[in-house]
Amino acid sequence: MLRPSYADLINAVNSEVEPGEQPVVQSRYSIVLATAKRARQIIAGADPMIPGSAGKKPLSVAVQELYAGKVKVVAEEAGEEAEAEIQSDEAAPETEGTVGE
């Protein structure tokens, strides 16, 4: 069984959404895309943002980072949840926290 569950992970990612606003992640498909993108970034050499990630698979690290709130999923355009950009909390000001593309 997946830990955390899809529902728990979606709730964690959407926890900072203001009441009345559109949630960033609305489906399992969106959360799978976001975790896969972050896992590819880790494989490409991005540093994991959670302690104790040595020896863990990149996808497991990506799931834990999203659940812990270390990375955020931001829609590139309004209404396009499938195309997500991952942002880090520990971002340099000149890059505005964008990790990846």
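This write-up is about the structure you can find in this document. (Residues numbered from 1 in each chain as written. Predicted model: local features only at pLDDT ≥ 70, side-chain atom pairs only at ≥ 80, totals over all residues. Heavy atoms only, no water.)

## Let's talk about the overall build of the chain
When helices and strands are counted, the chain shows 3 helices and 3 strands. Put simply, the chain runs from its N terminus to its C terminus through helices and strands in the order α-α-α-β-β-β. Considering the chain as a whole, with its 101 residues, one finds that 30% of them fall into the buried category. Looking at the chain alone, contacts between residues at least 24 apart form 41% of all its contacts between residues at least 6 apart. (Helix = DSSP H or I, 4+ residues; strand = E, 2+ residues; numbered from the N terminus. Buried < 20%, exposed > 50% of the residue type's maximum accessible area, 1.4 Å probe, protein only. Contact = heavy atoms within 4.5 Å.)

## Some details on the pattern of salt bridges
Evaluated as defined, the whole model comprises 1 salt bridge. A salt bridge links Glu65 to Arg38; the shortest N-O distance between them is 2.5 Å. With Glu65 in helix 3 (residues 58-68) and Arg38 in helix 2 (residues 28-43), this residue pair connects regions lying 27 residues apart in the sequence. Taken individually, Glu65 and Arg38 each receive the classification buried, so the pair is uniform in this respect. (Salt bridge = Lys/Arg side-chain N within 4 Å of Asp/Glu carboxyl O.)

## Overview of the side chain of Glu65
What makes Glu65 buried here is its relative accessible area of 0%. Side-chain polar atoms of Glu65 contact the side chain of Arg38, separated by 2.5 Å. What Glu65 contacts, discounting residues up to four positions off in sequence, is Arg38, Ile42, Asp47, Pro48, Met49, Ile50, Lys70 and Val71. (Polar contact = N/O pair within 3.5 Å; in protein donor to acceptor, adjacent residues only side chain to side chain.)

## Side note on helix 1 (residues 6-13)
Within helix 1, burial applies to Leu9, Ile10 and Val13. Looking down the long axis of helix 1, one finds its buried residues gathered within 100° of arc, a one-sided arrangement. (Arc of directions from axis to C-beta.)

## Thoughts on the packing of helix 2 against helix 3
Contact geometry of helix 2 with helix 3 gives a least axis separation of 8 Å together with a crossing angle of 120°. In terms of their interaxial angle, helix 2 and helix 3 are classed as oblique. Considering only the axes of helix 2 and helix 3, their crossing is right-handed. Each of Ala34, Thr35, Ala36, Arg38, Ala39, Ile42 and Ile43 in helix 2 lies in contact with helix 3, whose residues at this interface are Pro58, Leu59, Val61, Ala62, Val63, Glu65 and Leu66. (Axes fitted to C-alpha atoms, helices over the stretch in contact; angles between N-to-C directions. Parallel < 35°, antiparallel > 145°, perpendicular 65-115°, else oblique. Left-handed = near helix turned anticlockwise from the far one by under 90°.)

## Remarks on the packing of helix 1 against helix 2
Between helix 1 and helix 2, the least distance of the axes is 10 Å, while the angle of their chain directions is 75°. As judged from the angle between their axes, helix 1 and helix 2 are roughly perpendicular. When helix 1 is examined against helix 2, the residues Tyr6, Leu9, Ile10 and Val13 are found in contact with a partner set consisting of Arg28, Ile31, Val32 and Thr35. For the contact of helix 1 with helix 2, a count of residues per class yields 6 nonpolar, 1 polar and 1 charged. (Nonpolar A, V, L, I, M, F, W, Y, C, P; charged D, E, K, R; others polar.)

Read these as spatial facts, not as claims about activity.
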